[in-house]
Amino acid sequence: MNIKYILVLFIISIQFTNAQVAKNNKLYASSELSIGNYLGVDVNLNMVTKKNYLFKVGFTGNIRGSRSTPSDYVDIMDPILLGGPRDYFNSFQIGFGKLYNIGKIENLDENGIVRANISFGLGITSLKERVNWRLNNNSYYISDEKKISTISLIINPKIEFPFKKFFGLTISPMIQINKYRTYFGIGIGQMIGLVR
């Protein structure tokens, strides 16, 4: 699915949020860039209740250079190897958790809290990998694309710094486990919306 469609769906879902839900809960969007065994992005819509329970929906998109690429592979369309063959690990996710205040940033302001966002959930994961490499007429390599869909367990604790009422930063490790692959990484990002 194209990332443009995901962003449009994300923006529309914010616009149609019920006013009563917004009155009794905090809503904010979060996005992160992550690095680990893949490089990626994580985009979520988060709702926090008055008792600091968290519900989130989101998307993670991850990419890496294909692990099965032959050592003598040269891309005739990309001679300086900027693109190259890629493996993908993408997930649509639903998560649940709880926020805990764990400290204060004294120099920020009287409300400058640091909090832990302990969340976990499930994701529908799509894996794409290049397989079956072979030489075509002994001149260049061709390959097939292998696609796998599966369910992943997602563990995603975050340390959140809600600097202002509408903005904050996050640091978060993430693990996604399924029967085919495991993703692990750490992300740095931002929160925008009613973050506190």
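Residues numbered from 1 in each chain as written. Predicted model: local features only at pLDDT ≥ 70, side-chain atom pairs only at ≥ 80, totals over all residues. Heavy atoms only, no water.

Draft legend 1. Highlighting the side chain of lysine 158. When you line up the elements, lysine 158 lands in strand 7 (residues 158–164). Sequence-distant contacts of lysine 158, defined by excluding residues within four places in its chain, comprise Ser30, Glu32, Asp42, Asn44, Lys56, Arg115, Ala116, Asn117, Ile171 and Ser172. (Helix = DSSP H or I, 4+ residues; strand = E, 2+ residues; numbered from the N terminus. Contact = heavy atoms within 4.5 Å.)

Draft legend 2. Layout of the nonpolar core. Counting seven residues, the largest nonpolar core is built from Tyr38, Phe89, Leu127, Ile148, Ile154, Met174 and Tyr183. In this structure, leucine 127 is in contact with Tyr88, Phe89, Lys146, Lys147, Ile148, Asn178, Tyr180 and Arg181, ignoring residues within four places of it in sequence. Membership of the second largest hydrophobic core comes to six residues, among which are Tyr28, Leu54, Leu99 and Val195. (Core = buried A, V, L, I, M, F, W, Y, C linked by side-chain atoms within 4.5 Å. Buried < 20%, exposed > 50% of the residue type's maximum accessible area, 1.4 Å probe, protein only.)

Draft legend 3. Region of the structure containing the packing of aromatic side chains. Scanning all chains against the criterion turns up seven aromatic pairs. Measuring from centroid to centroid gives 6.3 Å for tyrosine 38 and tyrosine 183, while their planes differ by 55°, and the two rings are tilted. With tyrosine 38 in the loop between strand 1 (26–36) and strand 2 (39–48) and tyrosine 183 in strand 9 (residues 182–193), the pair connects residues that are 145 residues apart, well separated along the chain. Arranged with centres 5.0 Å apart and planes meeting at 50°, the rings of phenylalanine 59 and phenylalanine 92 form a pair that is tilted. Of the two residues, phenylalanine 59 sits in strand 3 (residues 53–65) while phenylalanine 92 sits in strand 4 (residues 86–104), which places them 33 residues apart along the sequence. It is lysine 98 that lies over the ring of tyrosine 53; its NZ or CZ is 4.3 Å from the centre. (Phe/Tyr/Trp six-rings, centres within 6.5 Å; stacked < 30°, edge-to-face > 60°. Lys NZ or Arg CZ within 6 Å of the ring centre and 35° of its normal.)

Draft legend 4. Broad picture of empty space enclosed by the protein. A full pass over the atoms with the stated rule returns two cavities of 30 Å³ or more. Of the voids in this model, the largest cavity is the one considered here, and its volume is about 60 Å³. Contributing to the lining of the largest cavity are 13 residues, with Glu32, Ser34, Asp42, Met174 and Tyr183 lying nearest its centre. Counting only elements with at least two residues in the lining of the largest cavity, the list comes to strand 1, strand 2, strand 3, strand 8 (167–177) and strand 9. With four residues, strand 9 is the largest single contributor of residues to the lining of the largest cavity. Within the lining of the largest cavity, the residues separate by chemical class into four nonpolar, seven polar and two charged. Taken as a whole, the second largest cavity holds about 30 Å³ of empty space. Every residue lining the second largest cavity is listed: Lys56, Gln93, Ile94, Gly95, Ser119, Phe120, Gly121, Ile154 and Asn156. Secondary-structure elements contributing two or more residues to the lining of the second largest cavity are strand 4 and strand 5 (113–136). For the lining of the second largest cavity, the per-class residue count stands at three nonpolar, five polar and one charged. (1 Å grid on protein atoms, 1.4 Å probe; cavity = no way out; pocket = protein on both sides within 12 Å on 5 of 7 lines; lining within 4 Å. Points joined across faces, edges and corners; volume = space filled by probe spheres on them. Nonpolar A, V, L, I, M, F, W, Y, C, P; charged D, E, K, R; others polar.)

Draft legend 5. Seen up close, unusual backbone geometry. For asparagine 52, which is not glycine, the phi torsion reads 65° and is therefore positive. With respect to the secondary-structure elements, asparagine 52 resides in the loop between strand 2 and strand 3. Taking relative accessible area as the criterion, asparagine 52 reaches 23% and is therefore assigned partly exposed. The backbone of asparagine 132 shows a phi angle near 55°, a positive value even though the residue is not glycine. Inspection of the secondary structure puts asparagine 132 in strand 5. Taking relative accessible area as the criterion, asparagine 132 reaches 46% and is therefore assigned partly exposed.

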